[in-house]
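# Observations on chain architecture
Here is how the chains run, residue by residue.
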Amino acid sequence: MTVAYQLGEAGTRLSRTTVERRSLGPRDVRLDLKFCGICHSDLVAASDKLGGGIFPMVPGHEMVGAVSEMGAEVRGMSVGDTVGVGCIADSCRSCHSCDTGDEHYCETGFTLSFNSKDREGHVNYGGYASDYVVDYDYLVPIPADADLARMAPLLCGGITVYTPLKRFNVGPGTTLCVLGMGGLGHLAIQFASAMGARVIVASRSEAKRADATRLGAQVALDPDSEDLQAWMGQVDLILDTISNPHDLNRWFPLLRRGGKLCLVGVPTDQLEIFPALIVFGDRALEGSLIGGIADTREMMAFAHSHGLGAEIELIQPDEIETAWHRLHEGDVQYRFVIDLESLGSD
């Protein structure tokens, strides 16, 4: 049996229990989990604010572990290999999106690594647990010499920012403005800087502005200061990582003609847009959702080769509730990661 931290109903507390994983199929691997990141979307799913929650629920979709068992048809893997599992646990593998490496836009619906059912109807319990079973096609190799705890948040947070940076050709000669210096924003700064872009960060927090500069931002300014005026019409891409309701309209004037504002944070309330700010300037409002398996593997290799990783607070499983409360209050710098080693020894 798998030791896990589970919610019995929406909005209740996590409790330690055991759950049963599906039997190992011919293409499956079992991972002994070492670390799992805590993502804001774990809290959203646990609250069931958007509906569709499957309870009891074991959250967690930023998993890093070692292969402990393999099915007979698994190829290219060995017991002991270090791998990760992000948001995607399965997809149809035959639609246009899957064929082009965008499994997260699977036209029949991809299988989430938690809060979902697999194609045989078994509930997928997530990564706040001692082990995990998944088809090997959805694994992300992680170099054995990597700092595994810092790699875990990249499996959702990292690919969430990497995908639009790649899609919009961020690199030398590009000016990027990052909105939100948090779990996503601090990763966006690192990736964009490593890609060669000029990075601007707007934050009201002096401490976060200092962190932004340390992580690679060339400019870190207070959005309420007059310093922001100097960047009007100078930005190619705004990456908006903010998950709370906020005013988008104040940011469109930063964009050059043809510039884009891309949402990767997902507020659960509606945001208002003043259309003239888009029309008079040939600007665009875009959105981006995580990324496919090939891009996630590419992102992980890029991060390792450039020495990138999440800034984390490492916690024990019995501290998850406290971490959730702090994350809800914005009190984390910049991602919580659960050390799961103790669960595997029980």
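Anything mentioned here points back to the structure above.
The following refers to the structure shown. Worth saying up front: this structure is predicted, and the values here are computed from it rather than measured.

## A closer look at the overall build of the protein
Counting its secondary structure elements, the protein contains 10 helices and 19 strands. Relative to the globule expectation of 20 Å for 346 residues, the C-alpha radius of gyration of the protein, 20 Å, shows essentially globular dimensions. In terms of overall dimensions, the protein has a C-alpha envelope of 60 × 40 × 40 Å along the principal axes. Per-residue burial for the protein yields a buried fraction of 54% across its 346 residues. The long-range share in the protein, meaning contacts at least 24 apart out of those at least 6 apart in sequence, stands at 67%. When the accessible surface of the protein is split by element, carbon and sulfur atoms take 48% of a total near 14700 Å². Between the averaged position of the 28 positive side-chain charges in the protein and that of its 47 negative side-chain charges there is a distance of 4 Å.

## Section: the pattern of salt bridges
According to the stated counting rule, one finds 24 salt bridges in the structure shown. In this structure, Arg21 engages Asp131 in a salt bridge whose closest nitrogen and oxygen atoms are separated by 3.7 Å. With Arg21 in the loop between strand S2 (15–19) and strand S3 (28–38) and Asp131 in strand S10 (residues 131–135), this pair connects stretches of sequence that are 110 residues apart. The same class applies to Arg21 as to Asp131, namely buried. Within the structure, one salt-bridge network assembled from shared partners comprises Arg27, Asp90, Arg93, Arg119, Asp135 and Asp137.

## Side note on the side chain of His104
Mapped onto the fold, His104 is located in the loop between helix H2 (96–99) and strand S7 (111–112). A distance of 3.3 Å separates a polar atom in the side chain of His104 from the backbone nitrogen of Gly292. Each residue touching His104, except ones within four places of it in the same chain, is listed here: Ile88, Phe110, Leu289, Ile290, Gly291 and Gly292.

## Some remarks on unusual backbone geometry
With an omega of 0°, the peptide bond running from Phe55 to Pro56 counts as cis. Residue placement: Pro56 occurs in the loop between helix H1 (40–47) and strand S4 (63–70). Residue Tyr334 is reached from Gln333 by a cis peptide bond, and omega for that bond is -5°. The phi dihedral of Asn115 falls on the positive side, at around 55°, and the residue is not glycine. Taking the relative accessible area as the measure of exposure, Asn115 reaches 16% and is therefore buried.

Here is what the cut-offs are and how they apply
- Residues numbered from 1 in each chain as written.
- Predicted model: local features only at pLDDT ≥ 70, side-chain atom pairs only at ≥ 80, totals over all residues.
- Heavy atoms only, no water.
- Helix = DSSP H or I, 4+ residues; strand = E, 2+ residues; numbered from the N terminus.
- Rg over C-alpha atoms; globule rule 2.2 N^0.38 Å.
- Buried < 20%, exposed > 50% of the residue type's maximum accessible area, 1.4 Å probe, protein only.
- Contact = heavy atoms within 4.5 Å.
- Areas by Shrake-Rupley, 256 points an atom, 1.4 Å probe, with all protein chains shown as cover.
- Lys, Arg positive; Asp, Glu negative; His and termini not counted.
- Charge placed at Lys NZ, Arg CZ, Asp CG, Glu CD.
- Salt bridge = Lys/Arg side-chain N within 4 Å of Asp/Glu carboxyl O.
- Polar contact = N/O pair within 3.5 Å; in protein donor to acceptor, adjacent residues only side chain to side chain.

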